Amino acid sequence: MRCPFCGHDDTQVKDSRPHEDGAAIRRRRICGSCGQRFTTIERVQLRDLVVIKADARRVPFERDKLARSVKVALRKRPVDAERIERIVTGLVRRLEAMGETDIPSRDIGRLVMETLREIDSVAYIRFASVHWDFRETKDFADILATISTAGPGGSSEDFPPSGPKDKD
């Protein structure tokens with residue numbers, strides 16, 4: 001593992017512990033050159049996923065990008081950081097379990113929306129407004145109507161009514 005401080009290639013593991021209910025390993029490391037300490041987290045990766053964007057571009061799936069999106073949607077909501085990490089890990093596992101290596105961004109967005117809808121309706125609306133590229137207040141009214149008619153555990157399949165506008 002390369003040291004993030006000095007770039008030296010030789011670092012030593014000083015401590016390893018299970019992380020995220022055993023789904024990952026947290027390692028404390030020390031650099032043999034500069035003496036700095038840092039933490040790494042290792043996770044199981046079942047396959048390399050590729051995201052197919054709306055414009056047909058293919059980009060590697062980035063867990064960190066998914067985590068940032070979920071964190072932004074849940075910002076200032078009553079959900080702690082540990083639960084957010086479990087949510088992201090669960091989303092990644094579901095994506096890997098789909099059996100496909102190429103996943104349309106629209107499908108990833110729907111999966112995130114379904115998850116957020118069950119957890120927090122405000123986060124669901126925040127995420128939907130970016131994913132579906134809301135441009136008018138009517139878009140917010142439409143999604144609020146789907147929440148009130150379908151209830152908190154309802155489906156996001158019918159939204160947006162006019163079809164996806166995701167900008168990717």
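Residues numbered from 1 in each chain as written. Predicted model: local features only at pLDDT ≥ 70, side-chain atom pairs only at ≥ 80, totals over all residues. Heavy atoms only, no water.

Asker: Quick one: what's the story with the pattern of salt bridges, residue by residue and with numbers?
Answerer: A full pass over the atoms with the stated rule returns 11 salt bridges. With its nearest N and O atoms 2.8 Å apart, the salt bridge here joins Arg 58 to Asp 102. Taken together, the residues Arg 58 in strand E5 (residues 58–60) and Asp 102 in strand E6 (residues 102–104) connect sequence positions 44 residues apart. Taking relative accessible area as the criterion, Asp 102 reaches 30% and is therefore assigned partly exposed. Among the salt bridges present, the one from Arg 77 reaches Asp 120, with a minimum N-O distance of 3.0 Å. Residue Arg 77 is located in the loop between helix H1 (63–73) and helix H2 (81–97), and its partner Asp 120 is located in the loop between helix H3 (105–119) and helix H4 (121–131); the two are separated by 43 residues in the primary sequence. By relative accessible area, Arg 77 is classed as partly exposed at 28%. (Salt bridge = Lys/Arg side-chain N within 4 Å of Asp/Glu carboxyl O. Helix = DSSP H or I, 4+ residues; strand = E, 2+ residues; numbered from the N terminus. Buried < 20%, exposed > 50% of the residue type's maximum accessible area, 1.4 Å probe, protein only.)

Asker: Run through the sheet that holds strand E2 (residues 24–31), naming residues and quoting values.
Answerer: Consider a sheet: its strands pair through backbone hydrogen bonds, and that pairing is either parallel or antiparallel. What the three strands build is an open sheet, ordered E1-E2-E3; its pairing is antiparallel. Looking along the sheet, the strands with just one partner apiece sit at the ends: strand E1 (11–19) and strand E3 (37–43). On average, each strand axis in the sheet is inclined to that of its neighbour by 25 degrees, with strand direction left out of account. (Pairing = 2+ DSSP bridges. Axes fitted to C-alpha atoms, helices over the stretch in contact; angles between N-to-C directions.)

Asker: Outline the packing of H1 against H2, supporting the account with residue identities and numerical values.
Answerer: Between H1 and H2, whose axes approach to 10 Å, the crossing angle comes to 130 degrees. As judged from the angle between their axes, H1 and H2 are oblique. Crossing hand, H1 versus H2: right-handed. Between H1, through Arg 63, Leu 66, Ala 67, Val 70 and Lys 71, and H2, the contact on the second element is made entirely by Ile 84, Glu 85, Ile 87, Val 88, Thr 89, Leu 91 and Val 92. Of the residues that constitute the contact of H1 with H2, the class distribution is eight nonpolar, one polar and three charged. (Parallel < 35°, antiparallel > 145°, perpendicular 65-115°, else oblique. Left-handed = near helix turned anticlockwise from the far one by under 90°. Contact = heavy atoms within 4.5 Å. Nonpolar A, V, L, I, M, F, W, Y, C, P; charged D, E, K, R; others polar.)

Asker: Kindly report on the nonpolar core, identifying the contributing residues and their values.
Answerer: In this structure, Phe 61, Leu 66, Val 70, Leu 74, Ile 108, Val 112 and Leu 116 are the most contacted members of the largest nonpolar core, which totals 30 residues. Every element with two or more residues in this core is listed here: H1, H2, H3, H4 and helix H5 (137–150). Looking at this core, the element that brings in the most residues is H2, giving six residues. Leave out the neighbours within four places in its chain, and Phe 61 touches Leu 49, Val 50, Val 51, Leu 66, Val 92, Leu 95 and Ile 108. (Core = buried A, V, L, I, M, F, W, Y, C linked by side-chain atoms within 4.5 Å.)

Asker: Go over the sheet that holds E5 with me, naming the residues and quoting the values.
Answerer: Read from one edge to the other, the open sheet built from three strands follows the order E5-E4-E6, with strand pairing classed as mixed. In the strand order of this sheet, the two ends are held by E5 and E6, each with one partner. The average angle at which neighbouring strand axes cross in this sheet is 35 degrees, direction not considered. Direction of pairing for strand E4 (residues 50–52) relative to E6: parallel, over a ladder of three bridges. The partner of Val 50 across the bridge, within E6, is Asp 102. Against the sheet, H3 makes contact with E4 and E6, and its axis sits at roughly 70 degrees relative to E6, the strand it touches most.

Asker: Would you mind going over the packing of H2 against H3 in detail, with residue names and values included?
Answerer: Helix-helix packing is described using two parameters, namely the angle between the two axes and the distance between the axes. Running from N to C, H2 and H3 cross one another at 140 degrees; their axes reach a closest spacing of 11 Å. In terms of orientation, H2 and H3 fall into the oblique class. The handedness of the crossing between H2 and H3 is right-handed. Contacts between H2 and H3 involve Arg 83, Ile 87, Leu 91, Arg 94 and Leu 95 from the first element and Ile 108, Leu 111, Val 112, Glu 114, Thr 115 and Ile 119 from the second. Of the residues contributing to the contact of H2 with H3, the split by class is seven nonpolar, one polar and three charged.

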